[in-house]
Amino acid sequence: PPPLPPPSAMLTSRGPALCTALRRAAPGGLAAFHSSARRYRGARVAVVLSGCGVYDGTEIHEASAVLVHLSRGGAEVQMYAPDVPQMHVIDHTKGQPAEAESRNVLVESARIARGKIASLAKLTTADHDAVIFPGGFGAAKNLSTFAVDGKDCKVNREVERVLKDFHKAGKPIGLCCISPVLAAKVLSGAEVTVGHEEEEGGKWPYAGTAGAIKELGAKHCVKEVTISFPAHVDTKNKVVTTPAFMCETALHHIFDGIGAMVKNVLKLTGK
């Protein structure tokens, strides 16, 4: 089928009056129209994305859960992503690399952010009270090389800077799913969780990550993904983590666990 026209063309085809009304409502363009109004009075939270799609970027359900809970908590959110090429592109219908494709992490992350996103190089502690990293394999492929190098991984320079800056400033850091490996690598002695340390018949398919976290010099704390014990709070380092999709469980458990992580991050901001 022929490609769809750009949004501006579709709006124009519906009539000049509608097009004019939308432009007045969104003077910053369509990206501004699709973003939430700035009505918050709570904590200012940066959310760092790693692409768009569980196998080569940010896990979309986790990102959405983070954003919903931040909205409910009255936070003002700005999203960021590194302006770098993805490690590779995965065909999510097959779970295999699409060899002929290449994508940019910032450009792909803009899909989740509805266009309202900035380069990670622009993220500063002065502008935010906390930072949160959703999971997805992008954290282990695009924000670091953990997927390939394990305990010997390298962390993206800007990601490392952000983690160290927020830690030094005493501002909370939230991470879920696989992204706690970033804190384990960068913040010496941090306490994190990625859930259980045994696969337990496939319920925890990525349980081996806990061993790598220990090898990185961090402390791993066994936690459930459910609402009863869904997040670990390292009060000394102000690092809050939750297993999320490290566990094979119902989506609402993932959502609730992320909510507990976000709630504790916001609590640590004192706002």
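Small disclaimer: the values here were computed from a predicted structure and weren't measured.

Participant: Mind laying out the environment of D127, listing which residues take part and the relevant values?
Facilitator: Topologically, D127 is positioned in the loop between strand 5 (117-119) and strand 6 (130-133). On a C-alpha basis, the gap between D127 and A46 in space is 8.8 Å, while along the polypeptide they are 81 residues apart. For D127, the side chain forms a polar contact with the side chain of T124, separated by 3.0 Å.

Participant: Describe the packing of helix 4 (residues 60-72) against helix 11 (residues 251-269), listing the residues and the values that go with them.
Facilitator: In contact at an axis separation of 9 Å, helix 4 and helix 11 are set at 45° when each is read in the N-to-C sense. As judged from the angle between their axes, helix 4 and helix 11 are oblique. Where helix 4 crosses over helix 11, the handedness of that crossing is right-handed. Taken together, the residues of helix 11 that come into contact with helix 4 (itself represented by H61, E62, A65, V66, V68, H69, L70 and R72) are L251, F255, I258, G259, M261, V262 and L266. By residue class, the composition of the contact of helix 4 with helix 11 is ten nonpolar, three polar and two charged.

Participant: Describe the confidence of the model for the protein chain, naming the residues involved and giving the relevant values.
Facilitator: Averaged over all residues, the pLDDT of the protein chain is 89; the fraction at 70 or higher stands at 84%. Here residues 8-14 is modelled with pLDDT under 50, and outside its nearest four sequence neighbours on either side it reaches seven contacts, counting other chains as well. Scored below 50 in pLDDT, residues 30-35 shows eleven contacts in the model against residues more than four places distant or in partner chains.

Participant: Go over the sheet that holds strand 6 with me, naming the residues and quoting the values.
Facilitator: Ordered in space as 5-2-1-6-7-11-10, the seven strands form an open sheet in which the pairing is mixed. The two strands at the open ends of the sheet, each matched to only one other strand, are strand 5 and strand 10 (232-234). Mean inter-strand twist for the sheet, computed between neighbouring axes without regard to direction, equals 25°. Two strands pair when backbone bridges link them, and strand 10 and strand 11 (residues 239-242) are joined in this way by three bridges, in the antiparallel orientation. By the bridge assignment, V233 is partnered in strand 11 with V240. Its contacts with the sheet put helix 4 on strand 1 (44-48), strand 2 (76-81), strand 6 and strand 7 (173-176), and the angle it makes with strand 1 is roughly 175°. Its contacts with the sheet place helix 5 (residues 105-112) against strand 2 and strand 5, and it is angled at close to 160° to strand 5.

Participant: Go over the pattern of salt bridges with me, naming the residues and quoting the values.
Facilitator: According to the stated counting rule, one finds ten salt bridges in the structure shown. When the shortest N-O distance is used, the salt bridge between E108 and R111 registers 3.3 Å. With a gap of three residues between them, E108 and R111 both fall in helix 5, about one helical turn apart. Residue K271 is joined to D129 by a salt bridge in which the shortest nitrogen-to-oxygen separation is 3.0 Å. Of this pair, K271 sits in the segment after helix 11 while D129 sits in the loop between strand 5 and strand 6, and the two are 142 residues apart along the sequence. Classification of K271 by relative accessible area gives exposed; the value is 59%. Exposure remark for D129: the relative accessible area of 9% places this residue in the buried category. In this structure, a network of salt bridges that share partners links the residues E101, R103, E108 and R111.

Rules behind the numbers
- Residues numbered from 1 in each chain as written.
- Predicted model: local features only at pLDDT ≥ 70, side-chain atom pairs only at ≥ 80, totals over all residues.
- Heavy atoms only, no water.
- Helix = DSSP H or I, 4+ residues; strand = E, 2+ residues; numbered from the N terminus.
- Polar contact = N/O pair within 3.5 Å; in protein donor to acceptor, adjacent residues only side chain to side chain.
- Axes fitted to C-alpha atoms, helices over the stretch in contact; angles between N-to-C directions.
- Parallel < 35°, antiparallel > 145°, perpendicular 65-115°, else oblique.
- Left-handed = near helix turned anticlockwise from the far one by under 90°.
- Contact = heavy atoms within 4.5 Å.
- Nonpolar A, V, L, I, M, F, W, Y, C, P; charged D, E, K, R; others polar.
- pLDDT = per-residue confidence, 0-100.
- Pairing = 2+ DSSP bridges.
- Salt bridge = Lys/Arg side-chain N within 4 Å of Asp/Glu carboxyl O.
- Buried < 20%, exposed > 50% of the residue type's maximum accessible area, 1.4 Å probe, protein only.

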